[in-house]
Amino acid sequence: MNRDQLARIAVGDDERGGVSRRAFIKGSGAAAAATAIAQGAIVMADEAPTSTAVVGPEATAITMTVNGRQRTVSAEPRATLLEVLRTQLDLTGAKPVSSDGSSGASTVWLDEKPVSASTTLAIECEGKSVRTVETLGGVKPDPVVSAFAAHDAMQCGFCTPGFVVAVRAFLDKNPTASEDEIRAGLNGNLCRCGTYANVIAAALDVVKGGSNG
Ligand code: FES
């Protein structure tokens, strides 16, 4: 089917070559395409890759690995990863501080790369691996968590989970980072309470392998 044929269907050109609109749509399998046009989501079936699938706006199943466990959620395509983590998977470590990701408070790992969960769509995570700050806690917490506690690197705590993930991710790549490098490496995270000095001290403590490292 070409664009002209689809356009005729969309504008109600009922008869073409003796074939009624109803029979034409039924016989050609174009009902989905006509619906897509009506909804503004034009998909040319003849031109699109066979793997193209139109999902939404209703909720759809999304399967991802979260903290080492395969999870399937039902979420609208517009739902963010942060919303799904917090409201469906009860993982509330990552915080909804800024919807544009500028605070860094929702930092999580996606396929082991730090990303902002508030600007990542859940549907983008289909088949991928998500790791959250919760994996750094427990009976034997990650040294970064211990260092934050030892250096009192928090006040209200809203930025803290994002900072902890950011520090862990940065030090994994830069295990011998200097203070200046740590400051530069953490410039994507904001703290409204101004705990920066203690956050940097905690990160340096881990680098130096101090009592908390
Ligand atoms: S401790 Fe309050 S925003 Fe950082």
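Okay, so let's go over this structure. No experiment lies behind these values; they were computed from the predicted model shown. (Residues numbered from 1 in each chain as written. Predicted model: local features only at pLDDT ≥ 70, side-chain atom pairs only at ≥ 80, totals over all residues. Heavy atoms only, no water.)

1. Looking at the pattern of salt bridges
Here is the rule: We define a salt bridge as a contact between a side-chain nitrogen of Lys or Arg and a carboxyl oxygen of Asp or Glu at a distance within 4 Å. Runs of E in the DSSP output that reach at least two residues are strands. Runs of H or I that reach at least four are helices, and both are numbered from the N terminus. Classification of residues uses two cut-offs on accessible area relative to the type maximum, computed with a 1.4 Å probe and protein chains only: under 20% is buried, over 50% is exposed, and between them is partly exposed.
Enumeration according to the criterion identifies 5 salt bridges in this entry. Residue glutamate 112 is joined to arginine 131 by a salt bridge in which the shortest nitrogen-to-oxygen separation is 2.9 Å. With glutamate 112 in the loop between strand 5 (107-110) and strand 6 (113-116) and arginine 131 in strand 7 (residues 129-131), this residue pair connects regions lying 19 residues apart in the sequence. Across the pair aspartate 172 and arginine 168 runs a salt bridge, and its minimum N-O distance is 3.2 Å. Placement of the pair is aspartate 172 and arginine 168 together in helix 6 (residues 160-173), with a separation of 4 residues, close to one helical turn. Note on aspartate 172: relative accessible area 48%, which makes it partly exposed. Connected via shared salt-bridge partners are Asp142, Arg168 and Asp172.

2. Remarks on the packing of aromatic side chains
In plain terms, the rule: Ring geometry is summarised as follows: Phe, Tyr and Trp rings, the Trp one being its six-membered ring, pair when their centres sit within 6.5 Å, and such pairs are stacked at plane angles under 30 degrees, edge-to-face over 60 and tilted between the two. Two conditions define a charge located above a ring, namely a distance within 6 Å from the ring centre to NZ of Lys or CZ of Arg, and an angle within 35 degrees of the ring normal.
Within this structure, the stated rule accounts for 1 aromatic pair. Consider the rings of phenylalanine 163 and tyrosine 196, whose centres lie 6.2 Å apart with planes at 75°: the pair is edge-to-face. Of this pair, phenylalanine 163 sits in helix 6 while tyrosine 196 sits in helix 8 (residues 196-207), and the two are 33 residues apart along the sequence. Its relative accessible area of 1% is what places phenylalanine 163 among the buried residues. Accessibility expressed as a relative area gives 33% for tyrosine 196, which makes it partly exposed. Stacked on the ring of tryptophan 109, the Lys or Arg arginine 131 has its end atom at 3.9 Å from the ring centre.

From the geometry alone we can't say anything about function, so treat these as descriptive.
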